[in-house]
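Okay, here's what each chain looks like letter by letter:
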Amino acid sequence: MAASLRSTAASGCKVRPLDLQRALDSSAPITFTVTAAAIEGSLELLHAWLSGPLEIDRRPPLSGQPPTDLDQRSQTFLRAVSAVTTTLLNAVGIPFFRPFEISDARLSELGRREIELTIYPQAELPRSHYASAVEAATAVCRRALTTLINDATQLALQQHLEQSVLPGLRRGVVAATATVPLLRACSERGIPYLHLGRGIYRAGIGRRQRQLLSSIADDDSAIAAKIAQDKQVTGNLLRQVGLPAPEHLLVVNLAGAQRAAEELGWPLVVKPVNGERGEGVTVAIDNHDQLETAITTALAYSQPPMALVERQSSGICHRLFVANGELLYAVKRQPIAVCGNGSDTIASLAADAYAAEQRRPVWRRQTRPPLDEPARALLATLGLTADSVPAAGHWVPLRAIESTQWGGIDSDETAKLHPDNAALAVRAAAIVGLQTAGVDIIAEDLTVPWHQSGAVINEINYAPQFCGGEISRSYLDRFIDRHFAGGGLIPIEQYPASQLAAAEQRLDALHGQRLQVALLDGAQVRWGDGRSDLHSAGDTAAQLRALLLDHNLDQLLLIERD
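Visitor: I'd love a proper account of the sheet that holds strand β13 (residues 307-311), names of residues and values included.
Guide: Pairing between sheet strands relies on hydrogen bonds along the backbone, with the strands arranged either parallel or antiparallel. Pairing is antiparallel across the open sheet formed by 4 strands, whose spatial order is β10-β13-β11-β12. Across the chains shown, the open sheet's two edge strands, defined by having one partner strand only, are β10 (248-251) and β12 (282-285). Taken pair by pair, the neighbouring strands of this sheet meet at an average axis angle of 20 degrees, ignoring direction. Against the sheet, helix α8 (residues 231-240) makes contact with β10, β11 (268-272) and β13, and its axis sits at roughly 150 degrees relative to β10, the strand it touches most. Across the sheet, helix α10 (residues 288-301) is in contact with β10, β11, β12 and β13; its angle to β11 comes to roughly 20 degrees.

Next up, the structure:
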């Protein structure tokens, strides 16, 4: 099958509650002309590639009415192409969820079946990416029909996608880990959304809409973000209000770090004053040689070059995710590791684990290092080498700490969390001024209240990574519930033109209840307080979109006219 791209003019929006997504984002649809050629190869093998190496679970049916003479094999192949297209776009942060829609079918002059497939793009995202994704997906599915699955072919496919397909699709797209899962959850709940640009989305309508940038919502200020991003300022503020924070000293060079070590004592932690993702952090420093290396690393990651020398706290780092001012979940963050089986060496276990991740699609891959020099150095401190054989079930860390940069192993501790520790995280985020934050607490055991365990708040993360793993994704519904009152929707009432008088009476009644309510009749807008149209938009669809995006609107009345 070959595909070509053309755009069609945006059609007028028939206003009904189920069409709110189209009403909010009226981007012109894109139509692909697909030529149905013989599907040669094994559909069972294609299915195995999708459910196995590509890890694609969702394969929604084609919408629209397939032509009666389009054989079942072609329909199955088109569904596979639709699923792979969706997966590729989602992998680069484009929230595309609807299946291909069959809009037309005809015979070409050469007697070949041509099928028109329509898709609906997102505003402010490159339209050419959709054609590129369809082309790449078609090629992948064609190849999957005749290619056996083994380690070599899996690795070749992932390298092709990672090196030749995804980089082009990423150009011009700003997105974070949480963007697609959050918007998918919104879509499944009927919450419409609009891309404003630069990865910022407005989800919901009227007074119940929210602006989202990954896991960041519109109730976090720029000042709060600045505070959270400076570890020294954050630590000082927490101590001033009586909350536990590490004891640290600010330094700008090695001489300052050496003086700090004399004052604080060993072991030490050195970190960039404004770094994130765990980059530039060195722990368990117990001599001057290690300190010199650590301070050089930390200063390189900080702008301006400043570092914190910190007395190391005992315990394990836990991430408490605060969303909309409430605790969402808590995880214990263990460093990336290999699990012994009693027969293989650490080198073999690490190589197998690394290779297994490389065979996975990049959108599912776990970050983990190979057995590199930092891993070997850590093993030496544990009295181990690459040739050591760990006992079955024994975990051997490859990094001293968990970080976004190196990966890690999380375990859900939410149900075990002591209420005082949950309250500590919520209070700490509020002190900084954040409604959504990742509060990192170092403690031996979070079932014990912080004021008894010696726990400290290591840092507070603005824009914490969300939906990066199975644990956080399992709390996605709760995240949506907390951010979108009333399901993100305001009441919309529709009246036929013959009931205009009744709609006007309803407008007055709702205004009497102190609600901000508007009546849309054609392209004319009337507010409950007597104001007429305040929007510059002209036609009905544009007026409707302007009203749906109005933060002050409590309820909308619509007059349906032919």
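Visitor: Before we move on, could you go through the environment of A38 and cite the residues and values that matter?
Guide: The residue A38 is located in the loop between β2 (30-35) and α2 (43-51) in this model. Along the backbone, A38 and S74 are 36 residues apart, and their C-alpha atoms lie at a distance of 7.8 Å.

Visitor: Would you mind going over the packing of helix α4 (residues 128-144) against helix α5 (residues 151-170) in detail, with residue names and values included?
Guide: Between α4 and α5, whose axes approach to 10 Å, the crossing angle comes to 165 degrees. Classed by the angle they form, the pair α4 and α5 counts as roughly antiparallel. The two elements α4 and α5 cross, and the hand of that crossing is right-handed. Where α4 abuts α5, its residues H129, S132, A133, A136 and V140 lie against L157, L161, V165, G168 and L169.

Visitor: An account of the packing of aromatic side chains is requested, with residue identities and associated values reported.
Guide: Going through the model one piece at a time under the given rule, you end up with 8 aromatic pairs. Ring centres 5.3 Å apart and planes at 10 degrees place the aromatic pair F321 and Y329 in the stacked group. Neither F321 nor Y329 differs from the other in exposure class; each is buried. With a centroid separation of 5.0 Å and 35 degrees between ring planes, the pair formed by F321 and F466 is classed as tilted. Placement of the pair is F321 in strand β14 (residues 316-323) and F466 in the loop between β20 (456-461) and α15 (470-473), with a sequence separation of 145 residues. An aromatic cluster is built from F321, Y329, F466, Y475 and F479, whose rings are joined through pairwise contacts. Note that R142 overlies the ring of F77, its terminal NZ or CZ placed 5.1 Å from the centroid.

Visitor: Help me get a handle on the sheet that holds strand β24 (residues 555-560), residues and values and all.
Guide: The 4 strands are arranged β21-β24-β22-β23 in an open sheet whose pairing can be described as mixed. One side of each edge strand has no neighbouring strand; the edge strands of this open sheet are β21 (492-496) and β23 (524-527). Each adjacent strand pair in this sheet contributes to an overall mean axis angle of 20 degrees, direction not counted. In this structure, strand β22 (residues 517-521) lies alongside β23, joined through 4 bridges in antiparallel fashion. When the sheet's bridge partners are listed, L520 is paired in β23 with V525. Where helix α17 (residues 500-512) meets the sheet, its contacts fall on β21, β22, β23 and β24, and the angle it forms with β22 comes to roughly 165 degrees. In the packing of helix α18 (residues 540-548) onto the sheet, contacts are made with β21, β22, β23 and β24, and the angle to β22 comes to roughly 170 degrees.

Visitor: Go over the pairing of strand β7 (residues 200-203) with me, naming the residues and quoting the values.
Guide: Direction of pairing for strand β6 (residues 193-197) relative to β7: antiparallel, over a ladder of 4 bridges. Counted as the bridge partner of G197 is I200 from β7. Here β6 folds back onto β7, and the loop between the two strands holds 2 residues, one of which, R198, carries a positive phi near 55 degrees. Taken together, the 3 bridges between β7 and strand β8 (residues 210-213) define a ladder with antiparallel strand orientation. Bridge pairing in β8 links R202 to Q211.

Visitor: Break down the nonpolar core for me, citing the residues and quoting the values.
Guide: In terms of nonpolar packing, the biggest core is built from 69 residues, with L46, L88, Y130 and F466 touching the most fellow members. Every residue in contact with L46, bar those within four places of it in the chain, is listed here: F77, A80, C141, A144 and L145.

Visitor: I'd like a description of the layout of surface pockets, backed by residues and values.
Guide: Estimated volume of the second largest pocket: approximately 790 Å³. Together, 28 residues line the second largest pocket, and T282, V283, P374, L378 and A400 are the ones closest to its centre. Mapped onto the lining of the second largest pocket, the elements with two or more residues apiece are β12, α10 and α12 (373-381). Residues belonging to the lining of the second largest pocket are distributed by class as follows: 16 nonpolar, 8 polar and 4 charged.

Conventions we followed
Residues numbered from 1 in each chain as written. Predicted model: local features only at pLDDT ≥ 70, side-chain atom pairs only at ≥ 80, totals over all residues. Heavy atoms only, no water. Pairing = 2+ DSSP bridges. Helix = DSSP H or I, 4+ residues; strand = E, 2+ residues; numbered from the N terminus. Axes fitted to C-alpha atoms, helices over the stretch in contact; angles between N-to-C directions. Contact = heavy atoms within 4.5 Å. Parallel < 35°, antiparallel > 145°, perpendicular 65-115°, else oblique. Left-handed = near helix turned anticlockwise from the far one by under 90°. Phe/Tyr/Trp six-rings, centres within 6.5 Å; stacked < 30°, edge-to-face > 60°. Buried < 20%, exposed > 50% of the residue type's maximum accessible area, 1.4 Å probe, protein only. Lys NZ or Arg CZ within 6 Å of the ring centre and 35° of its normal. Core = buried A, V, L, I, M, F, W, Y, C linked by side-chain atoms within 4.5 Å. 1 Å grid on protein atoms, 1.4 Å probe; cavity = no way out; pocket = protein on both sides within 12 Å on 5 of 7 lines; lining within 4 Å. Points joined across faces, edges and corners; volume = space filled by probe spheres on them. Nonpolar A, V, L, I, M, F, W, Y, C, P; charged D, E, K, R; others polar.

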